[in-house]
Amino acid sequence: MDLQKKDEKYIWHPYTHQKNRLPAIPIVRGEKSTLIDENGNQYIDAVSSWWVNIHGHGNKFIAKKIYEQAKKLQQVIFTGFTHAPAVELAEKLLKVLPGNFSKIFYSDNGSTATEVALKIAIQYWSNVGDLKRNKILAFHNSYHGDTFGAMSVSERGIYTFAFQDKLFEVIFIDTPTGENLGQLKDEIEKYKNEIACIIYEPLLQGAGGMLMYQPEDLNELLHFLKEEKIICIADEVLTGFYRVGKFFAGNYMKEKSDIICLSKALTGGTMALGVTACTQEIYDAFVSDDKTKTLFHGHSFTANPLACTAALASLELIKKDKCLKSIENIMLHHQKFHKQLLTFKENNIIKNIRKTGTIIAFEICTSEKDDYLNNISNSFTPFCMKRGVYLRSMGNTIYIMPPYCITSKELKKIYGVILEFLEGG
Ligand SMILES: Cc1ncc(COP(=O)(O)O)c(C=O)c1O
C-alpha cells in the first residue's frame, strides 16, 4: 500500500473535514520556502507551515545545532535538573522580550503556553489571598489554542461549538478602537475589582480571521487595565519573532504585559516548544513556605534540550542582517501587492485588505457567510497547489504569511496565483 493510502487508513488529520477529504500529499523534503512531494512536485509554502517556519525548511544551521545537542543530551526530567540550552535560552529571551520579565516557564506548544499563563494569573490572586479576583477577560474573535482553558478564552464559535457548556466563564469584549474605548472601559469598570487577568493577541487575531487592530488603542486599554491591577497576558504565540514587523508586537506599545506567551516561530518552526514568561512580582507570589502555593504544572517534555537548542539557533539567525533585510523585503512587496489588489476591491471581488509586518490578508466576496466554513476554500487551495503554491485560506479569508527567507521571485509567484484566482482562474 502506498503512503497516501496508508495515511488514509491510519491517520486523522487536524482541522480536516473527514467526509470527502482530499488525500494528504506525502511531502518528502523541504528546501527553504519550498516543500517537495514524493513525485517531485514543488510548492512554495506561503503560510510557513501553520505560521511556524521563519528561516525556511531544511535549515542546515539549525539542523547541525540540533544534531550536536542530540549527541550530548536529548531529554531530561526538568524538576531537579537543568541544562545549558534551557538556561541560555531563558537568559537570551529575557533580554529581548517586551516587558519587565524575570522568569521563564517552558512547555510544549502555543496552547500549553497560554494554559500556563492563565493558571499563573489565576493562582497569583489565590496565592496573594485576593479570592474576589476570579473573572477573566478576553477579546471577541480571539484564538488561544485548542485545549480546554485555551478554548475557554477563545471566541465561542465554530472551533469551540461542541464544547460550549464545558468551557469556563469569560467576559468577552471587543478589541479596542478609537471609537469604543470609552465603552470598553465602562464595561470593565463594572467588574474591575473582580478581574484576575486579560488575555489578548496583540495587534493581530490570527485564527479568528487575520483581524488587525491598532497599537495606540491597545496601549490605551492596557494603561487602563494596569491601573486597575488586572494582569495583562500577551499571547504572542503568532506575533512574536518579527511576524508583525517588530521583534514582538509588544514593541509597538509603551504599556507592557505582565505575562507573555511564545511558541510557533520560537524554534524557527523546527520543533515544538512553548514559553510563558512573567514578572518578578508575579513569580514572588509562588515563593512561600506554604507548599500549596506551588504552581502544579509541568509536561514530560518541559524544556526539551533539542527544542531549546533549536530556539537558540533560530535566535542567532534572526539577529543577522540577512534575516531583517528579508523581512523588510516581504513588507515592501506586500505593499505593492496591496496596490494591485485595489482594483479587485473596487470591483467588489474582494474586501477588507489589510496588512501588518509580513502578513497580508483580505476576504473574497461570496454569497455565503464570511466565516471558516465558507466553501471558497474548497477550490482555492487546490487551485494554488496546481500552480506550485501552498496557501490555505480560512473560509473566504485569504492571507499570505511566508517564511522570511522567501525570495522576491517566489513572492511574485504567490501574488500571481492569487490574482489569477481572483480573475476567475
Ligand atoms: C495566538 C495563538 N495562540 C495560541 C495558539 C495555539 O498554538 P498551538 O497550535 O501551538 O497549540 C495559536 C495557534 O494558532 C495562536 O495563533
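First things first, this report covers the structure right here in the doc. Not measured: the values here are computed from a predicted model.

Focus on the nonpolar core
Alright, step 1. Within the largest apolar cluster, 92 residues are counted, with the highest numbers of intra-cluster contacts made by Leu93, Tyr106, Phe241, Phe362, Leu391 and Ile418.
Alright, step 2. For this core, the leading source of residues is helix 13 (residues 408-422), giving eight residues.
Alright, step 3. Mapping this core onto the domain boundaries places at least three of its residues in each of domain 1 (3-58 + 321-422) and domain 2 (73-318).
Alright, step 4. Setting aside its immediate chain neighbours within four residues, Leu391 contacts Ala46, Val47, Phe380, Thr381, Cys384, Tyr399, Ile400, Ile414 and Ile418.
Alright, step 5. Membership of the second largest hydrophobic core comes to 26 residues, among which are Ile120, Ala121, Trp125 and Phe286.

Topic: the packing of helix 12 (residues 376-386) against helix 13
Alright, step 1. As a packed pair, helix 12 and helix 13 sit with axes 10 Å apart at the nearest point and diverge in direction by 135°. Accordingly, the angle class assigned to the pair helix 12 and helix 13 is oblique. Judged by the sense of rotation from one axis to the other, the crossing of helix 12 with helix 13 is right-handed. On the side of helix 12, the interface is formed by Ile376, Ser379, Phe380, Phe383 and Cys384, while helix 13 contributes Val417, Ile418, Glu420 and Phe421.
Alright, step 2. Looking at the contact of helix 12 with helix 13 residue by residue, the classes come out as seven nonpolar, one polar and one charged.

What about the side chain of Glu255?
Alright, step 1. Of note, Glu255 is situated in the loop between strand 10 (231-235) and strand 11 (259-262).
Alright, step 2. One buried charge, Glu255, has no salt-bridge partner; the nearest side chain with opposite charge is Lys226, at 5.0 Å.
Alright, step 3. Reaching out from Glu255, the side chain makes a polar contact with the side chain of His223 at a distance of 2.6 Å.
Alright, step 4. For Glu255, the contacting residues outside a window of four places in its chain are Asn219, Leu222, His223 and Lys226.

Some thoughts on the pairing of strand 14 (residues 359-364)
Alright, step 1. For strand 14, a buried count of six out of six residues is recorded, marking the element as mostly surrounded by other parts of the structure.
Alright, step 2. Burial along strand 14 is two-sided: the residues Ile359, Ala361 and Glu363 and Ile360, Phe362 and Ile364 are all buried.
Alright, step 3. In this sheet, strand 14 lies alongside strand 13 (residues 350-356) in antiparallel orientation, the contact comprising five bridges. Looking at the pairing, Lys351 lines up with Glu363 of strand 14.
Alright, step 4. Hairpin connection, strand 13 to strand 14: the antiparallel pair is bridged by two residues, and Gly357 has positive phi, about 55°.
Alright, step 5. Strand direction decides the pairing type here: strand 14 and strand 16 (residues 397-400), joined by four bridges, are antiparallel.

A word on the sheet that holds strand 4 (residues 101-107)
To summarise the sheet geometry, strands pair through backbone hydrogen bonds and adopt either a parallel or an antiparallel arrangement.
Alright, step 1. An order of 4-12-11-10-7-5-6 is seen for the seven strands of this open sheet, with the pairing classed as mixed. The open sheet has two free edges, formed respectively by strand 4 and strand 6 (171-173), since each of these has just one partner strand. Averaged over neighbouring strand pairs, the angle between their axes works out to 20° when direction is ignored.
Alright, step 2. Of the strand pairs in this sheet, strand 5 (residues 135-139) and strand 7 (residues 195-200) are connected by four bridges, and their pairing is parallel. Across the sheet, residue Leu137 finds its bridge partner in strand 7, namely Ile198.

A closer look at the pairing of strand 11
Alright, step 1. By the alternation rule, side chains of strand 11 split into Ile259 and Cys261 and Ile260 and Leu262, which are all buried.
Alright, step 2. Across three bridges, the pairing between strand 10 and strand 11 is parallel. Bridge pairing in strand 11 links Ala234 to Ile260.
Alright, step 3. Relative to strand 12 (residues 274-279), strand 11 is paired through four bridges, and the arrangement is antiparallel. Within strand 12, the residue paired with Cys261 across the bridge is Thr276.

Some points on the packing of aromatic side chains
Alright, step 1. A complete count under the given rule lists 18 aromatic pairs for this structure.
Alright, step 2. Pairing Phe241 with Phe248 gives two aromatic rings, centres 5.3 Å apart and planes at 65°, and the pair type is edge-to-face.
Alright, step 3. We classify Phe241 as buried; its relative accessible area is 1%.
Alright, step 4. Using a relative accessible area of 0% as the deciding quantity, one classes Phe248 as buried.
Alright, step 5. Relative to Tyr415, the ring of Phe337 has its centre 4.2 Å away and its plane inclined at 15°; by these criteria the two rings are stacked. Of this pair, Phe337 sits in helix 11 (residues 321-346) while Tyr415 is found in helix 13, placing the two residues 78 residues apart along the sequence. In this structure, Phe337 and Tyr415 share a single accessibility class: buried.

Structural notes on the site of the ligand
Alright, step 1. Around the ligand sit Trp51, Asn109, Gly110, Ser111, Tyr143, His144, Gly145, Glu201, Asp235, Val237, Leu238 and Lys264, and those are all the residues in its vicinity.
Alright, step 2. One of the side-chain N or O atoms of Ser111 is found 2.6 Å from an oxygen atom in the ligand.
Alright, step 3. Asp235 places a side-chain nitrogen or oxygen 2.7 Å from a nitrogen atom of the ligand.
Alright, step 4. Contact with the protein chains covers 84% of the free accessible surface of the ligand, which is 390 Å².
Alright, step 5. Tallied by class, residues from the shell around the ligand come to four nonpolar, five polar and three charged.

Details of helix 11
Alright, step 1. An ideal rise of 1.5 Å per residue puts 38 Å on 26 residues; helix 11 measures up with 38 Å between its terminal C-alpha atoms.
Alright, step 2. Along helix 11, the helix axis deviates most sharply at Gln340, where the bend reaches about 30°.
Alright, step 3. Residues of helix 11 that are buried: Cys323, Ser326, Ile327, Ile330, His333, His334, Phe337, His338, Leu341 and Phe344.
Alright, step 4. Looking at the packing, one finds that the buried side of helix 11 touches helix 10 (305-318), strand 13, strand 14, strand 16 and helix 13.
Alright, step 5. Positive backbone phi, approximately 55°, marks Asn348, located one or two places after helix 11.

What counts, and at which threshold
- Residues numbered from 1 in each chain as written.
- Predicted model: local features only at pLDDT ≥ 70, side-chain atom pairs only at ≥ 80, totals over all residues.
- Heavy atoms only, no water.
- Core = buried A, V, L, I, M, F, W, Y, C linked by side-chain atoms within 4.5 Å.
- Buried < 20%, exposed > 50% of the residue type's maximum accessible area, 1.4 Å probe, protein only.
- Helix = DSSP H or I, 4+ residues; strand = E, 2+ residues; numbered from the N terminus.
- Domains from an automatic or database assignment.
- Contact = heavy atoms within 4.5 Å.
- Axes fitted to C-alpha atoms, helices over the stretch in contact; angles between N-to-C directions.
- Parallel < 35°, antiparallel > 145°, perpendicular 65-115°, else oblique.
- Left-handed = near helix turned anticlockwise from the far one by under 90°.
- Nonpolar A, V, L, I, M, F, W, Y, C, P; charged D, E, K, R; others polar.
- Lys, Arg positive; Asp, Glu negative; His and termini not counted.
- Salt bridge = Lys/Arg side-chain N within 4 Å of Asp/Glu carboxyl O.
- Polar contact = N/O pair within 3.5 Å; in protein donor to acceptor, adjacent residues only side chain to side chain.
- Pairing = 2+ DSSP bridges.
- Phe/Tyr/Trp six-rings, centres within 6.5 Å; stacked < 30°, edge-to-face > 60°.
- Near = heavy atom within 4 Å.
- Areas by Shrake-Rupley, 256 points an atom, 1.4 Å probe, with all protein chains shown as cover.
- Expected span 1.5 Å × (residues − 1).
- Bend = angle between axes of the 7 residues up to and from the residue.

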